[in-house]
Amino acid sequence: MTLLLALVGIIGISASGPIIAAFPGVPVLSMAFWRNGAAAAVLSVPALRKNPRVYLSMTRREWFFTGIAGLALALHFVCFMYSMRLTSVAAGTALVCIQGVWIAVFQVVRGVQYRTPVFIGMAVSLGGAILITGFDMGLSSQALLGDLLALAGGVLAAVYTLAGSVARRTMATATYTSSCYAITALALLVLCLATGMPIWGFDAQGWWAIILLTLCAQIFGHTAMNHLLNVLGPLTVCTLILLEIPGAALLAALFLGQVVSLATYGGLLVILVGLALVIRGQAQPKTRE
């Protein structure tokens, strides 16, 4: 079941970049608002069906960490989705997906010690990401800005994942994801109104893009990864997300006609090797007294 959820999650989040790139007619903030708002509404149904007072019974601690995760996710989407319009999908996705590095840094600062295979695995996985992108960093000022936004998006994704892992210790998946996405949507709505970004009046193609992004990337992708936080831990989940890089390239090739290089397939294999090392190395993590 864990393997199936991981596969669904990877395919879902891999669809994000290609969908954003394929439908440039919808403003980034508007698309981010709708994907989170719609997902929150859908996922609240099973949560409320199980317990009609579930949100009223959430503790201050749960709301605190869910709030941090929701705000970090909102800013992550702003950075990531704008980067998809400014730099290459390969470079932007790779820079966002190295959030596992930031997770490791944050965890070490908190006092967590990892075994050597974890760091070797992270290095190997990053090598796979570099192999795929071919150091595809932007040369123009616009592309450079996109790369920097993607890098910031990775840091924010790490904060979102860590805060979510704390909240998920005592919260069901549907409760956490629906409340987190609702907070994200509210923050994005404020940004849309403040910047005069339209949230309505799109053509049929625009709404189709929003529906696709909501179903694939948000409900299946992000929600599956949030469920796996309690099963695999934040660092493993972030390392697993590196598979979004070749996944996005393969989906772009399939649906957008983009050519997939041999480096993509080689990088996929390298990332899988690194992921295996990270998982094995966390079997018994050491903590400082």
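One structure accompanies this document, and this report is about it.

Definitions and cut-offs
Residues numbered from 1 in each chain as written. Predicted model: local features only at pLDDT ≥ 70, side-chain atom pairs only at ≥ 80, totals over all residues. Heavy atoms only, no water. Core = buried A, V, L, I, M, F, W, Y, C linked by side-chain atoms within 4.5 Å. Buried < 20%, exposed > 50% of the residue type's maximum accessible area, 1.4 Å probe, protein only. Contact = heavy atoms within 4.5 Å. Helix = DSSP H or I, 4+ residues; strand = E, 2+ residues; numbered from the N terminus. Patch = residues over 30% accessible without salt bridge, like charges linked within 9 Å, V, L, I, M, F, W, Y side chains within 5 Å. Areas by Shrake-Rupley, 256 points an atom, 1.4 Å probe, with all protein chains shown as cover. Salt bridge = Lys/Arg side-chain N within 4 Å of Asp/Glu carboxyl O. Polar contact = N/O pair within 3.5 Å; in protein donor to acceptor, adjacent residues only side chain to side chain. Axes fitted to C-alpha atoms, helices over the stretch in contact; angles between N-to-C directions. Parallel < 35°, antiparallel > 145°, perpendicular 65-115°, else oblique. Left-handed = near helix turned anticlockwise from the far one by under 90°. Nonpolar A, V, L, I, M, F, W, Y, C, P; charged D, E, K, R; others polar.

**Things to note about the nonpolar core**
Okay, so step 1: Among the nonpolar cores identified, the biggest contains 44 residues, and Met31, Met81 and Tyr160 are the most heavily contacted of them.
Okay, so step 2: Beyond its immediate sequence surroundings of up to four residues, Met31 is in contact with Ile20, Phe23, Val26, Met81, Arg85, Ala209, Ile210 and Leu213.
Okay, so step 3: Residues Ala6, Cys97, Val237 and Leu243 belong to the second largest nonpolar core, which totals 17 residues.

**Notes on the environment of Thr116**
Okay, so step 1: Tracing the backbone through its elements, the reader meets Thr116 in helix 7 (residues 116-133).
Okay, so step 2: Among the residues examined, Thr116 registers a relative accessible area of 54% and is labelled exposed.
Okay, so step 3: Counting along the chain gives 161 residues from Thr116 to Leu277, while the straight-line C-alpha distance between them is 9.4 Å.

**Remarks on a nonpolar patch on the surface**
Okay, so step 1: Taken together, the side chains of Met1, Leu4, Leu7, Val8, Ile11, Trp208, Ile211, Leu215 and Phe220 present a nonpolar region at the surface, about 930 Å² in accessible area.
Okay, so step 2: Mapped onto the elements of the fold, Val8 is located in helix 1 (residues 2-14).
Okay, so step 3: Under the relative-accessibility criterion, Val8 is labelled partly exposed at 31%.

**Things to note about helix 12 (residues 244-256)**
Okay, so step 1: When helix 12 is considered as a whole, its buried residues turn out to be Glu244, Ile245, Pro246, Gly247, Ala248, Leu251 and Ala252.
Okay, so step 2: Two residues or fewer after helix 12 comes Gly257, characterised by a positive phi angle close to 75°.

**Considering the side chain of Ser44**
Okay, so step 1: As for its position among the elements, Ser44 is in helix 3 (residues 28-50).
Okay, so step 2: Take Ser44: its relative accessible area is 15%, and that puts it in the buried class.
Okay, so step 3: From its side chain, Ser44 meets the backbone oxygen of Ala41 in a polar contact 2.8 Å long.
Okay, so step 4: Setting aside chain neighbours within four positions, we find Ser44 in contact with Tyr55 and Ser178.

**Quick notes on the environment of Leu43**
Okay, so step 1: Looking at the secondary structure, you find Leu43 in helix 3.
Okay, so step 2: Along the backbone, Leu43 and Ile219 are 176 residues apart, and their C-alpha atoms lie at a distance of 7.9 Å.
Okay, so step 3: Filtering out sequence-adjacent residues up to four positions away, Leu43 remains in contact with Ala174, Thr177, Ser178, Tyr181 and Thr223.

**Considerations on the packing of helix 1 against helix 10 (residues 204-232)**
Okay, so step 1: Relative to each other, helix 1 and helix 10 sit at 140°, their axes nearing to 7 Å. It follows from the interaxial angle that helix 1 and helix 10 lie oblique. Of the two possible hands of crossing, helix 1 and helix 10 adopt the one that is left-handed. For the pair formed by helix 1 and helix 10, the contact residues are Thr2, Leu5, Ala6, Val8, Gly9, Ile10, Gly12 and Ile13 on the first element and Cys216, Ala217, Phe220, Gly221, His222, Ala224, Met225, His227, Leu228, Val231 and Leu232 on the second.
Okay, so step 2: The residue inventory of the contact of helix 1 with helix 10, partitioned by class, reads 13 nonpolar, 6 polar and no charged.

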